[in-house]
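Results of the structural survey
Residues per chain, in single letters:
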Amino acid sequence: MKILRATRMDRCIGCHSCSLACARQVHKKVSWRTAGIRIKSSGGITTGFEANVCLGCEPAPCAAACPTGAYSQRKGGGVLVKMKLCIRCGQCAAACPVDAIYLDDTGVPYVCIHCGQCVPYCPHDCIEMREKPEHVCVGGTCDV
Amino acid sequence: MSDAAFRVCIVHLDEGKGEIVSFGDKNLHIGGSGLAAALFEKYGLPNESWSHPDQPLIFAIGCLTGYFPLMSKVVAGFKSPYHDQYAESHAGGRLALAMRFAGYDAIVLRGRARLPVAVHVGARVIETKDANYLWGANVFTTGRVIRRAFPGASGHRSIMRIGPAGETLSAYGCINVDTFRHFGRLGSGSVMGVKNVKAIVVSGDSDLPLPGPDPKAYGKLFKKVYEDMTATEMMSKYHNLGTPGNVIPINELKSLPIRNLQQTTDPDAVGISGEKFAADLLIRNAACAGCPVGCIHVGMLREQFQDEHRFQIRQVSYDHELIFALGSMVGVMDASGALALMDEVEKQGLDAMSAGVALAWATEAYQKGLLTKEQVEYDLAFGNVDAYKEAIWCLGHGKNEFYRALAQGAMVAAKKFGGEDFACVLGQEMAGYATGETFFASQSLSFRHSHLDTGAYGYDQKEHDKNADKAVKYFVDDERERVILTSLVSCLFARGVYKKGLLAECLTSVGLPDLAANLDKAADEMQRLRWRMRLSTGYEPEKTSVPKRFLEVETWAGKMDPGYLDAVRAGYIKAIRELGAPRGES
């Protein structure tokens, strides 16, 4: 299975179209926060942009930390989330090493599920769906 | 609170407190331009000076902001230090979406803080913080410090700030928005300055449900609009070379203001062309939040500051208006030189167009002996980048009597020192299109004195029948159509896509079918309201003039026709008086 990669963020123009698309299409909201991918500038716009997005860990620390089994390992990297099982404890976000899980004001977690719906909305092809390279399938999250 | 009312955050600066009010009617005021004018009607003091502490500084978005692409701008409404009349200025950046996600259709600053402050507004925060330590800091330093003083929410907040020009109350101190965008014209930065507000941080820290009665239909429509904005060639001119792509064609049409409008064409213009910038200096593009076009062109300014190859590098955004004002108008026909001046103007927090045109006038006045070396301090000469860099600092800081006068406008300085005939002022310092009589007539009178009030610069290029009635009708009709977009508040680059039919679909999809059905009527009302506010604050269009220099211009279409110019102006003055007549008299 493919995972979402923000492989060319040097090209990002900061339009937020990806996160707005995720919020709108996946989470049914108008937002640039309640989304699986969120764009931030790394200290003012002149320094360029970063994507806060799940790196597709395998095994995923967030899934291991989840006390209710709401998070489970997704084949090929990343996690699957069953919101019915979520008790909003925030352990997933605390366990994520790259701050990729956003908790809204009520504690609901938002994490990339690698569905790829954001990809067509990036005008500069900064993000893409791709297979995780074989040699990093266990443990690693390396991007090249 | 009615669904059709706007949610407005009022910040009372003297108390450091906020107030949330339900205001107006989306079906009537639309948002942006219309909402700002309506708020000024309620909170403005038409007969008091712009610097009166109780004058409001208004920022307004529209009812499609955040819901559709390129609905990404904000309208600032204020009484202008330039002419002490009601004025508007528009800016992009992240501000529009930050306001939408903070939950406010408008933010209004009232009163005056006792000492310099930074204002922070979000969904759950309204506060003012001491910023006395930042007074005197330039725009770059202010941005850096404010990011540190208000940590968190990177990427989801907008930072507005002023430089020295706003503090010294220049008539054209601007508000910098998120580094690369500006409320440029007519002095909104000084309105912040007089209120002792150094910076405003807007945190877009909440989220909204999908709008309208049918979220699926909304999502589908969004996709269609997004595809129209990106997949067609319509936006190519804005993201490819950008507006600097105009430099060569306008130069070829003998319509590029050069050396204080003493020329309108010069082979050296290739040195500041969009092609030249793109090939040699462009390093990347940036976008306003919610816009995939990415029209912001960022150039690299590489300056040697010491021997032994010691360089500093800065990123400077450029577009046609800046290239004209700080390039051709001051005779700087070198892209790097123009970029260096843009950088200096940015630091001081000045409107780039007014600053460039004012310095062009000062250069000619100095050449003609109307100004002394003691007054100008540096050897102002067309093309002298080093002297202009120093002069821009003097302008921002109001260094001496001459620069303080120049900082109030080229015509203010000309009235004092002489040289009114060649001060290139059409209401405010001119825009970069010397295309002919209809543009000069339009800019000298129109609401913002902007080339974007109407498409007059394009009209000059297409229509040559010199029919004054037809031109005036075009101004009025075109402005009304633009009021729809500036009220929603769309980027005007999107005007080719956002035709009225599509706008009606968008409005219906977000649950505003009544506005969709009555858009023309609302636009007409808001066009009138804006003019009414302008006239109520003392605008007398009859007193405007077109300086002699504009009549000396020769374009590809030939010499200027003063009779035609006067006829268009007379017709437009009559139309403005009719549009802005007190309610019930129109």
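Our subject in this report is the structure included herewith.

Cut-offs used in this document
Residues numbered from 1 in each chain as written. Chains lettered and ligands numbered in written order. Predicted model: local features only at pLDDT ≥ 70, side-chain atom pairs only at ≥ 80, totals over all residues. Heavy atoms only, no water. Helix = DSSP H or I, 4+ residues; strand = E, 2+ residues; numbered from the N terminus. Contact = heavy atoms within 4.5 Å. Areas by Shrake-Rupley, 256 points an atom, 1.4 Å probe, with all protein chains shown as cover. Lys, Arg positive; Asp, Glu negative; His and termini not counted. Charge placed at Lys NZ, Arg CZ, Asp CG, Glu CD. Phe/Tyr/Trp six-rings, centres within 6.5 Å; stacked < 30°, edge-to-face > 60°. Lys NZ or Arg CZ within 6 Å of the ring centre and 35° of its normal. Buried area = accessible area lost by both parts, 1.4 Å probe. Salt bridge = Lys/Arg side-chain N within 4 Å of Asp/Glu carboxyl O. Polar contact = N/O pair within 3.5 Å; in protein donor to acceptor, adjacent residues only side chain to side chain. Nonpolar A, V, L, I, M, F, W, Y, C, P; charged D, E, K, R; others polar. Pairing = 2+ DSSP bridges. Axes fitted to C-alpha atoms, helices over the stretch in contact; angles between N-to-C directions.

With that out of the way, let us pick up the overall build of chain B. Check the secondary structure of chain B and you find 25 helices and 20 strands. Over its C-alpha atoms, taken along the principal directions, chain B stretches across nearly 65 × 60 × 50 Å. Counting only contacts in chain B whose residues sit at least 6 apart along the sequence, the fraction spanning at least 24 positions is 68%. By element, 49% of the accessible surface of chain B is carried by carbon and sulfur atoms, the whole surface being about 20,000 Å². Computing the positive centroid from 65 side-chain charges and the negative centroid from 69, chain B places the two 3 Å apart.

Here the focus is the packing of aromatic side chains. When we look at a pair of aromatic rings, we describe it by the centre distance and by the angle of the planes. Scanning the model with the defined rule gives 23 aromatic pairs over all chains in all. Directly above the aromatic system of Tyr121(A) lies the positively charged group of Arg24(A), at a separation of 5.2 Å from the ring centroid. Over the ring of Phe447(B) we find Arg530(B), and its NZ or CZ is 4.2 Å from the ring centre.

How big an interface is tends to be reported as the loss of accessible area on association of its parts. Facing 39 residues of chain B, the contacting portion of chain A comprises 31 residues. With both chains or domains summed, chain B and chain A bury close to 2,700 Å², and 58% of this area falls on carbon and sulfur atoms. Here chain B is connected to chain A by three salt bridges. Arg124(B) is paired through a salt bridge with Asp105(A); the nearest N and O atoms lie 2.7 Å apart. For the pair chain B and chain A, the interface holds 13 residue pairs in polar contact (both at pLDDT 80 or more). Mapped onto the side of chain B that touches chain A, the elements with two or more residues apiece are helix H3 (95-102), strand S13 (208-209), helix H7 (215-231) and strand S14 (282-286) of chain B. With four residues, H7(B) is the largest single contributor of residues to the side of chain B that touches chain A. Split by residue class, the side of chain B that touches chain A holds 19 nonpolar, eleven polar and nine charged. As paired strands, strand S2 (residues 29-30) of chain A and S13(B) are joined by two bridges and run antiparallel to one another. When the sheet's bridge partners are listed, Val30(A) is paired in S13(B) with Leu208(B).

As a further point, take the sheet that holds strand S16 (residues 310-318) of chain B. Residue and element names in this part refer to chain B. As summarised here, the arrangement of the three strands in space is S14-S15-S16, forming an open sheet in which the pairing is antiparallel. Since the sheet does not close on itself, it has two edges, and those belong to S14 and S16, each with one partner. Strand-to-strand, the axes of this sheet are offset by a mean angle of 30 degrees, without reference to chain direction. In the sheet, strand S15 (residues 296-306) pairs with S16 via nine bridges, with the strands oriented antiparallel. Note on S16: the bridge partner recorded for Glu303 is Gln312. This element, helix H12 (residues 335-348), spans S15 and S16 of the sheet and lies at about 80 degrees to S16.

None of the figures reported here should be taken as evidence of function without further support.
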